[in-house]
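Here are the chains, one letter per residue:
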Amino acid sequence: MKLNFAGTAVKINVSFAAAVTLTLIVDESGLCALALFCCIIHEAGHIICLLILGEKPSVIELSFYGIRLERSLPERMGSFDEILVLASGPAANLVFSALLLPFGAHGGGIKTAAAASLCVAAFNLLPCRPLDGGNILRYALCRFGNEERAEKICFFISCAVIAPMLAAGLALLFKNGNFTLAAVSLYLAAALFLDKREKNI
C-alpha cells in the first residue's frame, strides 16, 4: 500500500502488515506491541528533527525489517546536523520515558512503557552500525580524520559490540530457548557485513 502526505510517500509493505498482525495475535503480554509503539516514537523523533532542519523525507517505508527513511536531500547537511538527526530518535524515546515516569510510581503498564522506551533508546545508542550510535560515532570520527579511517574504526568497534551480544544470545538460546538476543545480533552482523561489502565494491 502506498500513500502520499505533503510530498512524502508512505509505503506499507505486506511483510510489515503481516508481522504486526501476527504479533498482535500471538503476543498476549502486549510487550511486542509496546516495543513497536516505542520504535514509532523513535522514528518520529528523526522525522521531526529533519523537518526542523528544513528537510523532509521523500519516502517512509514500513517493512518487516523496520522503518526506512529515504532522504530528499541527503548531501545537504553537514556532519553536525547529521549527528543531530541520528541522536533525535533516542532523544525522543528518552523524553517519552521522562514524561511517563512521574505517572509510573505505582507500577503497571505506564512503568513498563517507560522502561521499554528507555531500552529502545539504549539499544539504538550502541556504538554499532547500522544503529544510530554507530553512525553517530562514524560522523564524529569523520570530523577529526578521514572517512576511510573512520569506517575501519567503526567496523572494528561494531564487531567488538556484536560478538559478546551474539555469544550471550546463543547462551540464552541453549539455556531456555529465548532466541531474541541471538536473532537481533545476527541481524546486526548481517547488516554490518553487507554494508562493508557495498562500500568495498
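As the structure is a computational prediction, the values presented were derived from the model and not from experiment.

Enquirer: Can you help me understand the overall build of the protein chain in this one?
Expert: A tally of helices and strands in the protein chain yields 7 helices and 4 strands. Going from N to C terminus, the protein chain has its helices and strands arranged as β-β-α-α-β-β-α-α-α-α-α. In the protein chain, buried positions account for 32% of the 201 residues. Within the protein chain, residue pairs in contact and separated by at least 24 positions form 54% of the contacts whose partners lie at least 6 positions apart. Here the protein chain displays about 12,000 Å² of accessible surface, and carbon together with sulfur accounts for 70% of that area.

Enquirer: Help me understand the packing of aromatic side chains in this model?
Expert: Centre distance and the angle of the planes are the two values used to describe a pair of aromatic rings. Evaluation of the coordinates by the stated rule reveals 3 aromatic pairs. Both rings, one in Phe37 and one in Phe96, keep their centres 5.8 Å apart while their planes meet at 70°; by these two values the pair is edge-to-face. You can see Phe37 sitting in helix α2 (residues 31–52) and its partner Phe96 sitting in helix α3 (residues 79–100), a full 59 residues away along the chain. Classification of Phe37 by relative accessible area gives partly exposed; the value is 42%. Given a relative accessible area of 19%, Phe96 falls into the buried group. A ring pair is formed by Phe155 and Phe156, whose centres lie 5.8 Å apart and whose planes are at 70°; its orientation type is edge-to-face. Judged by its relative accessible area of 14%, Phe155 is buried. Linked through ring pairs, Phe155, Phe156 and Phe193 together constitute an aromatic cluster. The side chain of Arg138 reaches across the aromatic face of Tyr139, ending 5.2 Å from its centre.

Enquirer: How do you make sense of the environment of Gly54 when you look at a structure like this?
Expert: Along the chain, the position of Gly54 falls in the loop between α2 and β3 (57–63). A relative accessible area of 52% means that Gly54 is categorised as exposed. A sequence separation of 23 residues divides Gly54 from Met77, and the C-alpha atoms of the two residues are 9.8 Å apart.

Enquirer: I tried to follow the packing of α2 against α3 on my own but got confused; where do I start?
Expert: When two helices pack together, their arrangement is given by the angle between their axes and by how far apart the axes lie. The interhelical angle for the contact between α2 and α3, taken along N-to-C directions, is 135°, at an axis separation of 7 Å. With respect to α3, the axis of α2 lies oblique. Note that α2 runs across α3; the crossing there is right-handed. Listed contacts from α3 to Phe37, Cys38, Ile41, His42, Gly45, His46, Cys49 and Leu50 of α2 are Leu84, Val85, Leu86, Ser88, Gly89, Pro90, Ala92, Asn93 and Phe96. Residue composition of the contact of α2 with α3, grouped by class: 11 nonpolar, 6 polar and no charged.

Enquirer: Got a minute to help me understand the pattern of salt bridges in this structure?
Expert: Pairing between side chains becomes possible if they bear opposite charge and their charged atoms approach one another. Inspection of every chain in the model, using the stated rule, returns 4 salt bridges. Of the charged contacts in the structure, one is a salt bridge between Arg138 and Glu147, with a shortest N-O distance of 2.8 Å. In this structure, the salt-bridge partner of Glu151 is Arg138, at a minimum N-O distance of 2.7 Å. With Glu151 in helix α6 (residues 147–176) and Arg138 in helix α5 (residues 132–144), this residue pair connects regions lying 13 residues apart in the sequence. Residues joined by salt bridges that share partners form a network here, namely Arg129, Arg138, Glu147 and Glu151.

Enquirer: Mind showing me how you'd approach α6 here?
Expert: Owing to its 3.6 residues per turn, the α-helix aligns residues three or four sequence positions apart on the same side. Across its 30 residues, α6 extends 43 Å between first and last C-alpha, which sits within 8% of the 44 Å expected from 1.5 Å per residue. Within α6 the residues assigned to the buried category are Ala150, Glu151, Cys154, Phe155, Ser158, Val161, Ile162, Met165 and Gly169. Count one or two residues on from α6 and you reach Gly177, which has phi positive near 80°.

Enquirer: Please explain α5 as it appears in this structure.
Expert: With 13 residues, α5 extends 19 Å between its outermost C-alpha atoms, agreeing within 8% with the 18 Å of an ideal straight helix rising 1.5 Å per residue. Asp132, Gly133, Gly134, Asn135, Ile136 and Arg138 are the residues of α5 that are buried.

Enquirer: Please clarify how a nonpolar patch on the surface should be interpreted in this entry.
Expert: A grouping of Leu170, Leu173, Phe174 and Phe179 is seen on the molecular surface, where their side chains present a nonpolar patch of about 440 Å² in accessible area. Position of Leu170 relative to the elements: it lies in helix α6. Residue class for Leu170 comes out partly exposed when judged on its relative accessible area of 34%.

Enquirer: Where do I start with the confidence of the model for the protein chain in this structure?
Expert: As a general rule, the predicted coordinates of low-pLDDT regions are not to be interpreted in detail. Averaged over all residues, the pLDDT of the protein chain equals 81, while 81% of them reach at least 70. Within the protein chain, the element-level pLDDT minimum falls on helix α1 (residues 14–26), averaging 67, and the maximum on α3, averaging 91.

Cut-offs used in this document
- Residues numbered from 1 in each chain as written.
- Predicted model: local features only at pLDDT ≥ 70, side-chain atom pairs only at ≥ 80, totals over all residues.
- Heavy atoms only, no water.
- Helix = DSSP H or I, 4+ residues; strand = E, 2+ residues; numbered from the N terminus.
- Buried < 20%, exposed > 50% of the residue type's maximum accessible area, 1.4 Å probe, protein only.
- Contact = heavy atoms within 4.5 Å.
- Areas by Shrake-Rupley, 256 points an atom, 1.4 Å probe, with all protein chains shown as cover.
- Phe/Tyr/Trp six-rings, centres within 6.5 Å; stacked < 30°, edge-to-face > 60°.
- Lys NZ or Arg CZ within 6 Å of the ring centre and 35° of its normal.
- Axes fitted to C-alpha atoms, helices over the stretch in contact; angles between N-to-C directions.
- Parallel < 35°, antiparallel > 145°, perpendicular 65-115°, else oblique.
- Left-handed = near helix turned anticlockwise from the far one by under 90°.
- Nonpolar A, V, L, I, M, F, W, Y, C, P; charged D, E, K, R; others polar.
- Salt bridge = Lys/Arg side-chain N within 4 Å of Asp/Glu carboxyl O.
- Expected span 1.5 Å × (residues − 1).
- Patch = residues over 30% accessible without salt bridge, like charges linked within 9 Å, V, L, I, M, F, W, Y side chains within 5 Å.
- pLDDT = per-residue confidence, 0-100.

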